[in-house]
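This is what each chain is made of:
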There are 2 protein chains.
Amino acid sequence: MKIMANKEKALITEILMKLGLKKENSEIVAEATLDADLKGFTSHGIGRFPQYINAIKRGNINIEEKIDIERETDSIALINGNGLFGQVVAYNAMKLAIAKAKKTGIGAVGTHDANHFGVTGFYSDLAIKEDTIGIVMANTDPAMAPLGGKIPVIGTNPIAIGIPANETYIALDMATSISARGRLLEAKRKGEEIPGDIALDIDGNPTTDPSKALEGSILPFGGHKGYGLAFMIELITGPLVSAAFGSKVEGTANYEKKCTKGDFFIAIDPSKFVAIEKFKEDTEEFIREVRSSGDTIVPGDLEVKEIVKNEKNGIIIDENLHVQLKEICDDLNINFEDYLTKE
Amino acid sequence: MKIMANKEKALITEILMKLGLKKENSEIVAEATLDADLKGFTSHGIGRFPQYINAIKRGNINIEEKIDIERETDSIALINGNGLFGQVVAYNAMKLAIAKAKKTGIGAVGTHDANHFGVTGFYSDLAIKEDTIGIVMANTDPAMAPLGGKIPVIGTNPIAIGIPANETYIALDMATSISARGRLLEAKRKGEEIPGDIALDIDGNPTTDPSKALEGSILPFGGHKGYGLAFMIELITGPLVSAAFGSKVEGTANYEKKCTKGDFFIAIDPSKFVAIEKFKEDTEEFIREVRSSGDTIVPGDLEVKEIVKNEKNGIIIDENLHVQLKEICDDLNINFEDYLTKE
């Protein structure tokens, strides 16, 4: 079974509206979820959606409150997400950062008490669409041990950067861990070994056994440099924004717990520095130079390829996910089969 | 021969003042140069100073002009460095970013037409000293080929991040290349091989021969993720700030050319988001958790260790450097030997 992109968006919107979420917020969650599936980050797509419904039922995702702006200047704001959908909080945070950037050249908005927001790059993309540079950071449940350490106290701490150009989609969206936790879970399920240089066991020794790695920790990407970046992101998305940090972060991987992580959104308006046309032309010139240097890629190329493919072919709904979504739809008198396409 | 820290600062200040640079600017260059030596980044310390003098003589470093602020809002500015010492331009840029952050919560200042500024972390340290978070980026002469490419069109593009805390020095200062160009030059000089995973020859193949690597390119740190970061920094410190980018960047490694790179300085004032005491306490709490996770380090630990050692022992002046500095001093009627300490 599979679902086409427009149907996925319609399905998620309908489910959330029937559960009582406002239309505009339902659409934000639907778009963010679809964005993950289109880009091929399926661990953050519709496959995760049933967990959101579970979190609503447990009261860990709040569909009635509004965000509170707790602190604000012309260029920054601190938002209390009041337990809303992470996508809704993050969308509003980035939109606010963009509005501030349009006014003063740069805007930065921090959020706390928001739930998991899906893929980080969805929010830097919002900046690109308004001719601004977007930078997004978040912390997550602990997954990495500090360099030389044994106990995971740092999240997989993603960072996304998006830059507007005339034609090219320029976007970086990456965890600061060398591997996603999902990769270890998958290897365990399949009874496969993992490479020897991505994770440590509980004693801090490299391991190829995914079970031991899951009890231990994942390594940062790029050794001490990636570790340093993950470390800084933990502080910028924890103490700076009144969110949890280190071992106190929870609820990003397990929806049965209240989500305590934090996020940080920066928008920069190039037109306050230089003529925007010149900025975009120069950027495309750099891209032409990069492409002519050999068989290379620009950050964002792989996502564009995935989007084209998945928009054409649709998104796979496996048997397990089919059962979960059908149950959700049955409860809400939604005819799930209407949304699906036979393979 | 060696020179003690206070003497190095006094020597550089005296030389520059005798050459006509204002006292306050001479002291900035001296402090930034000493900072590199104290932290152990000797390639950016007094060993590079004779090249600065050379650049002044050639007119590539301008000691008479002032910086121009070309664009400005409450939160951002664009500075034309008018060919001044990079240290002077960068110092003023970061100070301006900090002042803006104190007002609106975040400040960002870009610079173009400035010379090489020494170590990136010197400027994020300025932010720390004023209880703000500092982020500094720069592009450099091309050194890295894009991932899969053969021709170097991306600089070693450093990024530095500094975060204020109660006791701990928290600072990251790193190139986005896996190795400094200086490491290749040193291996060539010594007739040594380099590791097989840090550089490519002119055909894009991995090489252990430093001569072939110097004709080719250095790899980014951390594979495609480090490449993505280097790529984004190139655009933020090139097109965004009216500076050169890609193959047009020159003068950062070779002082016989006018320096065309750009820099970007961000300061964030945590007190606009949360109580500054709480921010610093939380930050120290995270550091305690990191330190208790095993035999680990916090970004900045290695620099602190180096500073203590080098302040005590002084900075080595090798024979070649001794000759160069003596010649500079003789020309200006400065008694070089007075500044030195016998080993």
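Trainee: Looking at this structure, how should I read the relation of the copies chain A and chain B?
Mentor: Superposing the two chain copies requires a rotation about an axis and a translation along that axis. Note on the copies: chain A fits chain B at an RMSD of 0.0 Å, the axial shift is 0.0 Å, and the rotation between them is 180 degrees. Such values leave the two copies arranged in the relation of a two-fold axis. Rotation axis and chain A: the residue whose C-alpha lies nearest the axis is G222 of chain A, separated from it by 1.8 Å. By residue overlap, the copies meet face to face through one surface: 100% of the interface positions of chain A are interface positions in chain B.

Trainee: Before we go on, may I ask you to explain unusual backbone geometry in this structure?
Mentor: Backbone geometry follows two general trends: most residues other than glycine have a negative phi, and most peptide bonds adopt the trans configuration. One non-glycine residue with positive phi stands out, namely N333 of chain A, at about 55 degrees. Tracing the backbone through its elements, the reader meets N333 of chain A in the loop between helix 11 (319-331) and strand 12 (340-341).

Trainee: Explain the interface of chain A and chain B here, please?
Mentor: It is common to report an interface's size as the accessible area lost on association of the parts. Of the residues lining the interface, 72 residues belong to chain A; the matching set on chain B comes to 72 residues. For the chain A and chain B pair, buried surface summed over both sides reaches about 6100 Å², with 75% attributable to carbon and sulfur atoms. Looking at the side of chain A facing chain B, the largest losses of area belong to K225, F273 and F286 of chain A, adding up to 13% of the total buried there. Taken together, chain A and chain B are joined by two salt bridges. Between E285 of chain A and K248 of chain B there is a salt bridge; the shortest N-O distance is 2.9 Å. Between the two partners, chain A and chain B, sit 23 residue pairs in polar contact (both at pLDDT 80 or more).

Trainee: When you look at the sheet that holds strand 7 (residues 170-174) of chain A in this model, what are you seeing that I'm missing?
Mentor: Residue and element names in this part refer to chain A. Taken together, seven strands build an open sheet; the order of strands is 2-3-4-10-5-6-7 and the sheet is mixed. Either end of the sheet is taken by a strand with one partner, and the two such strands are strand 2 (68-72) and strand 7. Ignoring strand direction, the axes of neighbouring strands in this sheet form an average angle of 15 degrees. Contacting strand 2, strand 3 (76-80), strand 4 (106-112), strand 5 (133-138) and strand 10 (262-268), helix 4 (residues 86-104) runs over the sheet at an angle of about 160 degrees to strand 4.

Trainee: Sorry, what's going on with the pairing of strand 2 (residues 68-72) of chain B here?
Mentor: Regular strands place side chains that alternate from one sheet face to the opposite one. Bridge count for strand 2 of chain B against strand 3 (residues 76-80) of chain B is four bridges, and the pairing is antiparallel. Residue R71 of chain B lies in a different strand from strand 3 of chain B, and its bridge partner there is L78 of chain B.

Trainee: Quick question: what am I supposed to make of the packing of aromatic side chains here?
Mentor: A ring pair, where both rings are aromatic, is described by two values, the distance of the centres and the angle of the planes. The final tally for this structure, using the stated rule, is 21 aromatic pairs over all chains. Both rings, one in F273 of chain A and one in F264 of chain B, keep their centres 5.7 Å apart while their planes meet at 55 degrees; by these two values the pair is tilted. Here F273 of chain A, found in the loop between strand 10 and helix 9 (276-291), pairs with F264 of chain B, found in strand 10 (residues 262-268), and the two come from separate chains. Neither F273 of chain A nor F264 of chain B differs from the other in exposure class; each is buried. Through a chain of ring-to-ring contacts, three or more aromatic side chains come together here, namely F117, F122, Y123 and F265 of chain A. Directly above the ring of F117 of chain A sits K261 of chain A, whose terminal nitrogen or CZ lies 4.2 Å from the centroid.

Trainee: Mind showing me how you'd approach a negative patch on the surface here?
Mentor: Residues and elements named next belong to chain A. On the surface, a cluster of negative charge is made up of E64, E65, D68 and E70. Assignment of secondary structure puts E64 in the loop between helix 3 (49-58) and strand 2. Among the residues examined, E64 registers a relative accessible area of 72% and is labelled exposed.

Trainee: In this structure, what is going on with the side chain of S217 of chain B? I would like to understand it.
Mentor: Residues and elements named next belong to chain B. Structurally, the position occupied by S217 is in strand 9 (residues 217-218). Overall, S217 belongs to the buried group, its relative accessible area being 1%. Excluding its chain neighbours within four sequence positions, the residues that come into contact with S217 are A143, M144, A145, K150, P152, A199 and L200.

Trainee: Teacher, can you tell me more about the confidence of the model for chain A here?
Mentor: It should be kept in mind that the predicted coordinates are not to be read in detail where pLDDT is low. When pLDDT is averaged along chain A, the result is 96, and 100% of the positions lie at 70 or above. Predicted complex, confidence summary: ipTM 0.97, pTM 0.97.

Trainee: I would appreciate a short explanation of the pairing of strand 7 (residues 170-174) of chain B in the present structure.
Mentor: Residue and element names in this part refer to chain B. Most of strand 7 is tucked away, with four of its five residues classed as buried. Pairing of strand 6 (residues 159-163) with strand 7 involves five bridges; the strand directions are antiparallel. Across the sheet, I161 pairs through a bridge with L172, a residue of strand 7. Counting the residues between successive antiparallel strands, the hairpin from strand 6 to strand 7 contains six residues.

Trainee: Would you explain the packing of helix 3 (residues 49-58) of chain B against helix 11 (residues 319-331) of chain B in this entry?
Mentor: Residues and elements named next belong to chain B. In contact at an axis separation of 9 Å, helix 3 and helix 11 are set at 40 degrees when each is read in the N-to-C sense. Classified by the angle between their axes, helix 3 and helix 11 sit oblique to one another. The two elements helix 3 and helix 11 meet at a crossing, and its hand is left-handed. Between helix 3, through F49, P50, I53 and K57, and helix 11, the contact on the second element is made entirely by L321, Q324, L325, I328 and D331.

Trainee: Please clarify how the sheet that holds strand 1 (residues 2-3) of chain B should be interpreted in this entry.
Mentor: Hydrogen bonds between backbone atoms are what pair the strands of a sheet, whose relative direction is either parallel or antiparallel. Residues and elements named next belong to chain B. The strand order 11-1-12 describes an open sheet built from three strands, whose pairing is antiparallel. A strand with exactly one partner marks an edge of an open sheet, and here the two such strands are strand 11 (315-316) and strand 12 (340-341). Of the pairings in the sheet, the one linking strand 1 to strand 12 comprises two bridges and is antiparallel in character. Across the sheet, residue I3 finds its bridge partner in strand 12, namely L340.

The rules behind these values
- Residues numbered from 1 in each chain as written.
- Chains lettered and ligands numbered in written order.
- Predicted model: local features only at pLDDT ≥ 70, side-chain atom pairs only at ≥ 80, totals over all residues.
- Heavy atoms only, no water.
- Least-squares fit on C-alpha atoms with pLDDT ≥ 70 in both.
- Contact = heavy atoms within 4.5 Å.
- Helix = DSSP H or I, 4+ residues; strand = E, 2+ residues; numbered from the N terminus.
- Buried area = accessible area lost by both parts, 1.4 Å probe.
- Salt bridge = Lys/Arg side-chain N within 4 Å of Asp/Glu carboxyl O.
- Polar contact = N/O pair within 3.5 Å; in protein donor to acceptor, adjacent residues only side chain to side chain.
- Pairing = 2+ DSSP bridges.
- Axes fitted to C-alpha atoms, helices over the stretch in contact; angles between N-to-C directions.
- Phe/Tyr/Trp six-rings, centres within 6.5 Å; stacked < 30°, edge-to-face > 60°.
- Buried < 20%, exposed > 50% of the residue type's maximum accessible area, 1.4 Å probe, protein only.
- Lys NZ or Arg CZ within 6 Å of the ring centre and 35° of its normal.
- Patch = residues over 30% accessible without salt bridge, like charges linked within 9 Å, V, L, I, M, F, W, Y side chains within 5 Å.
- Areas by Shrake-Rupley, 256 points an atom, 1.4 Å probe, with all protein chains shown as cover.
- Lys, Arg positive; Asp, Glu negative; His and termini not counted.
- Charge placed at Lys NZ, Arg CZ, Asp CG, Glu CD.
- pLDDT = per-residue confidence, 0-100.
- Parallel < 35°, antiparallel > 145°, perpendicular 65-115°, else oblique.
- Left-handed = near helix turned anticlockwise from the far one by under 90°.

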